[in-house]
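# Analysis of the macromolecular model
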Amino acid sequence: MVPVYYGTIRNPPTRPLSECLLHLQAETAKLIEQYQPSATAIEGIFYAKNVKTMLFLAHARGVILAQCAKLGLPAYEYEPRRVKMAVAGFGGAQKEQVQKMVKTLLGLPEPPQNDAADALALAITHLHNRSSVNPASTI
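Residues numbered from 1 in each chain as written. Predicted model: local features only at pLDDT ≥ 70, side-chain atom pairs only at ≥ 80, totals over all residues. Heavy atoms only, no water.

## Comments concerning the overall build of the protein
Looking only at helices and strands, the protein has five helices and two strands in total. Its helices and strands in sequence order give the protein the pattern α-β-α-β-α-α-α, from N to C terminus. Its C-alpha atoms put the protein at 40 × 35 × 25 Å along the principal axes. For the protein, the share of sequence-separated contacts (at least 6 apart) that also reach a separation of at least 24 residues comes to 58%. (Helix = DSSP H or I, 4+ residues; strand = E, 2+ residues; numbered from the N terminus. Contact = heavy atoms within 4.5 Å.)

## Quick notes on the nonpolar core
Residues Tyr78, Val83, Val87, Ala93, Val98, Val102, Leu106, Leu108, Leu120, Ala121, Leu122 and Ile124 constitute the largest nonpolar core, which totals twelve residues. Sorting the residues of this core by element identifies helix 3 (80-88), helix 4 (95-106) and helix 5 (114-129) as the ones contributing at least two each. Per-element accounting of this core gives the leading share, four residues, to helix 5. Dropping the residues within four chain positions of it, Ala121 is found in contact with Val83, Val87, Val98 and Val102. (Core = buried A, V, L, I, M, F, W, Y, C linked by side-chain atoms within 4.5 Å. Buried < 20%, exposed > 50% of the residue type's maximum accessible area, 1.4 Å probe, protein only.)

## Observations concerning the packing of aromatic side chains
Following the criterion strictly, the structure yields one aromatic pair and no others. For the ring pair Tyr5 and Tyr35, a centre distance of 5.3 Å and an interplane angle of 20° mean the geometry is stacked. One end of the pair, Tyr5, is in the segment before helix 1 (17-35); the other, Tyr35, is in helix 1, and 30 residues separate them in sequence. (Phe/Tyr/Trp six-rings, centres within 6.5 Å; stacked < 30°, edge-to-face > 60°.)

## Here we look at the pattern of salt bridges
Once their charged atoms are close, side chains differing in charge can pair, the charge on each being opposite to the other. A full pass over the atoms with the stated rule returns three salt bridges. Among the salt bridges present, the one from Lys30 reaches Glu27, with a minimum N-O distance of 3.1 Å. Here Glu27 and Lys30 lie together in helix 1, a separation of three residues that amounts to about one turn. Take Lys30: its relative accessible area is 51%, and that puts it in the exposed class. (Salt bridge = Lys/Arg side-chain N within 4 Å of Asp/Glu carboxyl O.)

## With respect to the environment of Tyr76
By the element assignment, Tyr76 lies in strand 2 (residues 75-78). Along the backbone, Tyr76 and Leu65 are eleven residues apart, and their C-alpha atoms lie at a distance of 9.6 Å. Apart from residues lying up to four places away in sequence, Tyr76 is in contact with Ala39, Thr40, Ala41, Ile42 and His126.

## Focus: a nonpolar patch on the surface
Together, Leu17, Phe46, Phe56 and Leu57 line one region of the surface with nonpolar side chains, adding up to about 310 Å² of accessible area. Along the chain, Leu17 turns up in helix 1. (Patch = residues over 30% accessible without salt bridge, like charges linked within 9 Å, V, L, I, M, F, W, Y side chains within 5 Å. Areas by Shrake-Rupley, 256 points an atom, 1.4 Å probe, with all protein chains shown as cover.)

## Examining unusual backbone geometry
Unusually for a residue other than glycine, Gln36 sits at a positive phi of about 50°. The exposure class of Gln36 is exposed, given its relative accessible area of 59%.

## As for the packing of helix 4 against helix 5
Packed helix pairs are characterised by how far apart their axes lie and by the angle those axes make with each other. Relative to each other, helix 4 and helix 5 sit at 60°, their axes nearing to 9 Å. One way to sum up the angle between helix 4 and helix 5 is to call them oblique. Pair helix 4 / helix 5 crosses with left-handed handedness. Each of Lys95, Val98, Gln99, Val102, Leu105 and Leu106 in helix 4 lies in contact with helix 5, whose residues at this interface are Asn114, Ala117, Asp118, Leu120, Ala121 and Ile124. A per-class count over the contact of helix 4 with helix 5 returns eight nonpolar, two polar and two charged. (Axes fitted to C-alpha atoms, helices over the stretch in contact; angles between N-to-C directions. Parallel < 35°, antiparallel > 145°, perpendicular 65-115°, else oblique. Left-handed = near helix turned anticlockwise from the far one by under 90°. Nonpolar A, V, L, I, M, F, W, Y, C, P; charged D, E, K, R; others polar.)

See below:
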């Protein structure tokens, strides 16, 4: 597995939600156009202690799923525990454990930032769940 690109799409905290979602949609479209993935993996819905955060994540998921559908890109959902199990071998793994395993599995020089590590872990999980994984697969 070789990572082609990873990072975080950021929005300023003062930007209204509608503009944040529009920015997320545009950046997602640019990344899909630039890297031409054959599929996308997205984290399944989970319960969060902070309802406001959970609602924002639900909006963001909707934007990403809609953009993938618009571009004909299949989207696969994986529950957080399944991702942690696939990457760290334990469904209750902490963020730091996932970051370290992503770093190790992909041969990265340093652990990726939390959100990027989660995205890479989702990609790794998807590759592990395909019927045949090519060792030279890119994520």
